[in-house]
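What the coordinates show
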Amino acid sequence: MYLRQNKKMLLISALPFVCILLATRVYSLENGLARTPPMGWMTWQRFRCITDCGTFPNDCISENLVKRTVDALVRDGFKDAGYEYVIIDDCWPEMKRSGEGLLIPDKIRFPNGMKALGDYIHSNGLKFGIYQDYGTKTCAGYPGIIGYEELDANLFASWGVDYVKLDGCYADPKTMDEGYVAFGQLLNKTGRPMVYSCSWPVYQEGNGIDPNFTLIAKHCNLWRNWDDIDDSWSSLASIANYFAENESRIQQFAGPGHWNDPDMLIIGNFGLSLEQSKVQMALWAVLAAPLIMSNDLDAIRPEYREILLNREIININQDSLGIQGVRRKVINNIEIWARPILPKNNDFYSFAVAYVSHRTDGAPFKIQFNLTEIGLTNSHGYVELDVFEDVISSTIKYPDTLLSVIVNPTGCVLHKFIAF
Ligand SMILES: *[C@@H]1O[C@H](CO)[C@@H](O)[C@H](O)[C@H]1NC(C)=O
Ligand SMILES: *[C@@H]1O[C@H](CO)[C@@H](O)[C@H](O)[C@H]1NC(C)=O
Ligand SMILES: *[C@@H]1O[C@H](CO)[C@@H](O)[C@H](O)[C@H]1NC(C)=O
Ligand SMILES: *[C@@H]1O[C@H](CO)[C@@H](O)[C@H](O)[C@H]1NC(C)=O
């Protein structure tokens with residue numbers, strides 16, 4: 001099967017443009033999952049590898065943390081808004097496999113095991129995700145999959161897992177093109193549909209290997225491109241910068257079933273202001289990024305929760321075309337990012353446009369431009385919706401209308417331009 005596909009690629013290699021289209025449209029992972037960017041919650045960014053439940057009873061990686069988060073997802077409207085996958089990141093197993101080579105969930109922190117926890121998640125209408133590592137060890141030093149690939153894939157299926165994140169510590173990035181593909185095939189062989197989240201390209205980028213995104217998009221539902229997100233504006237800004245500077249290499253590989261992943265939403269934690277939180281939500285929507293929160297849903301303040309639950313932004317993120325937005329222009333250190341979305345009218349797409357300020361001079365700043373300059377050229381014009389303010393403009397905006405937008409320092413404005 002593999003060989004046959006390679007031959008096809010050779011036959012059409014004389015038509016590079018068609019080749020790119022086919023590469024992304026035809027040869028992508030078709031397990032029926034992640035038709036829109038996955039949404040959910042994951043332990044890592046906020047809870048890391050806290051295993052000391054004596055000192056941190058509410059925060060340690062445990063059944064208790066997962067269950068209280070499931071309860072909050074249901075209670076506070078996150079589930080209704082689309083947040084679906086509940087994903088346990090690193091530090092869940094015992095340090096040693098069983099005599100038969102099986103992974104054992106930490107006996108103190110997961111006293112009822114993973115099958116029971118999966119059942120709890122499913123009984124609340126949510127889906128169950130888990131972490132492993134393509135290597136001899138996970139990043140935190142727990143057992144990795146090397147030598148146990150089939151056992152682990154089958155074990156996850158038997159627990160009712162719906163989503164597997166496969167990290168890439170303690171592994172040779174040169175072997176990932178084969179190893180990640182092989183593990184994906186083992187997941188497929190279990191017969192249980194599982195979203196496959198790969199950290200494959202980020203380890204290759206970091207080691208001077210140009211990732212083969214054609215191959216990655218064919219075998220993974222989503223993949224991490226760049227550094228882990230930390231709880232800070234500078235971390236967020238550097239990831240956004242990677243997506244802008246590398247858009248010509250990565251943008252075309254995003255689409256239904258296969259997504260670039262700029263990492264978790266950190267909204268509601270310690271590091272982002274309210275304005276900066278709006279930036280992350282708006283940018284992740286424009287980038288068609290997975291919306292996987294990592295935060296404490298029992299401690300999150302209402303104004304941050306409101307950002308995460310903003311239906312209009314979630315609709316932009318989940319737009320069924322699945323086109324990843326790009327940075328179209330930078331004016332006075334304010335970036336203009338645009339993403340084509342539905343509805344389409346007169347052959348013109350509607351657009352989500354985020355204006356993201358990297359200014360730190362303290363005062364809101366006004367930029368002026370027209371829509372032609374950022375690629376919105378529908379001569380019938382657009383209806384403009386200010387998404388955070390929930391205000392529709394009273395006049396139609398034409399491609400040559402001079403627009404003024406005022407953006408707060410390290411803040412953003414998000415507009416939806418609906419093609420008329
Ligand atoms: C396995 O792969 C085949 C071929 O791509 C696909 O049709 C099927 O849905 C996949 N099954 C699972 C369980 O992922
Ligand atoms: C990347 O992967 C595709 C799909 O398997 C393959 O056809 C192509 O030759 C690979 N490109 C490189 C540079 O290896
Ligand atoms: C990708 O992004 C990184 C980080 O912003 C940058 O250093 C690098 O030059 C970019 N690569 C390309 C090919 O643009
Ligand atoms: C729109 O912007 C472009 C590029 O700056 C400019 O050439 C054009 O004259 C502008 N149109 C109007 C009507 O201002």
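Residues numbered from 1 in each chain as written. Chains lettered and ligands numbered in written order. Predicted model: local features only at pLDDT ≥ 70, side-chain atom pairs only at ≥ 80, totals over all residues. Heavy atoms only, no water.

The protein chain is annotated in an unreviewed UniProt entry as Alpha-galactosidase from Pseudolycoriella hygida. UniProt lists a comment for the protein chain under the heading Subcellular location (unreviewed entry), and it reads "Lysosome". Looking at the protein chain in UniProt, the text filed under Subunit (unreviewed entry) is "Homodimer." (UniProt positions renumbered as here; feature names shortened; annotations may be inferred.)

Here we take up the UniProt feature "domain: Alpha galactosidase A C-terminal" (unreviewed entry) in the protein chain. As annotated in UniProt, the feature "domain: Alpha galactosidase A C-terminal" (unreviewed entry) corresponds to residues 322-411 in the numbering used here. Between the C-alpha atoms that bound residues 322-411 there is a distance of 25 Å. The span itself is 0% helix and 52% strand. (Helix = DSSP H or I, 4+ residues; strand = E, 2+ residues; numbered from the N terminus.)

Taken as a whole and judged by the stated rule, the model has four disulfides. Cys-53 shares a disulfide with Cys-60; S-S distance 2.0 Å. Looking down the S-S bond of the Cys-53 and Cys-60 bridge, the torsion is 105°, so its handedness is right-handed. Note on cysteine connectivity: Cys-198 is disulfide-linked to Cys-220, with sulfurs 2.1 Å apart. Note on the Cys-198 and Cys-220 pair: the S-S dihedral is about -90°, so by sign convention the disulfide is left-handed. You can see Cys-198 sitting in strand β5 (residues 195-198) and its partner Cys-220 sitting in the loop between α10 (213-219) and β6 (222-224), a full 22 residues away along the chain. Side by side, Cys-198 and Cys-220 carry an identical accessibility label, which is buried. Across the protein chain, the disulfide pattern expressed with sequentially numbered bonded cysteines is 1-4, 2-3, 5-6, 7-8. (Disulfide = S-S within 2.5 Å. Buried < 20%, exposed > 50% of the residue type's maximum accessible area, 1.4 Å probe, protein only.)

The subject of this paragraph is the packing of aromatic side chains. In the structure shown here, the tally under the stated rule is 15 aromatic pairs. Where Phe-78 meets Tyr-83, the ring centres are 5.7 Å apart and the plane angle is 75°; that geometry is what we call edge-to-face. Residues Phe-78 and Tyr-83 agree in their burial class; the two are buried. An aromatic cluster is present here, built from Tyr-134, Tyr-180, Phe-183, Tyr-196 and Trp-200 joined pairwise through their rings. (Phe/Tyr/Trp six-rings, centres within 6.5 Å; stacked < 30°, edge-to-face > 60°.)

Right, let's talk about the site of ligand 1 for a bit. Residues in close proximity to ligand 1 include Glu-30, Asn-31, Asn-188, Gly-191, Arg-192 and Pro-193, which together make up its full environment. Residue Asn-188 places a side-chain N or O atom 2.2 Å away from an oxygen atom belonging to ligand 1. Considering ligand 1 on its own, with 360 Å² of exposed area, one finds that the protein chains cover 53% of that surface. Classifying every residue of the shell around ligand 1 gives one nonpolar, three polar and two charged. (Near = heavy atom within 4 Å. Polar contact = N/O pair within 3.5 Å; in protein donor to acceptor, adjacent residues only side chain to side chain. Areas by Shrake-Rupley, 256 points an atom, 1.4 Å probe, with all protein chains shown as cover. Nonpolar A, V, L, I, M, F, W, Y, C, P; charged D, E, K, R; others polar.)

Here we come to the environment of Ile-209. Looking at where Ile-209 falls in the secondary structure, it is placed in the loop between α9 (200-205) and α10. Residue classification places Ile-209 among the partly exposed residues on the basis of a relative accessible area of 24%. Residues Ile-209 and Asn-332, spaced 123 residues apart in sequence, show a C-alpha to C-alpha distance of 34 Å. Contact partners of Ile-209, with chain neighbours within four places excluded, come to Pro-173, Lys-174 and Gln-204. (Contact = heavy atoms within 4.5 Å.)

Its domain assignment divides the protein chain into domain 1 (3-317) and domain 2 (326-419). Each of domain 1 and domain 2 was reduced to a C-alpha centroid, and the two centroids are 30 Å apart. Listed as interface residues are 23 residues of domain 1 and, on the opposing side, 21 residues of domain 2. Taken over both partners, the interface formed by domain 1 and domain 2 buries close to 2,000 Å², and the fraction arising from carbon and sulfur atoms is 70%. Among the residues domain 1 hides against domain 2, the three largest losses belong to Glu-275, Val-286 and Ile-316. Together they make up 29% of the total. On the surface where domain 1 and domain 2 come into contact, there are one salt bridge. (Domains from an automatic or database assignment. Buried area = accessible area lost by both parts, 1.4 Å probe. Salt bridge = Lys/Arg side-chain N within 4 Å of Asp/Glu carboxyl O.)

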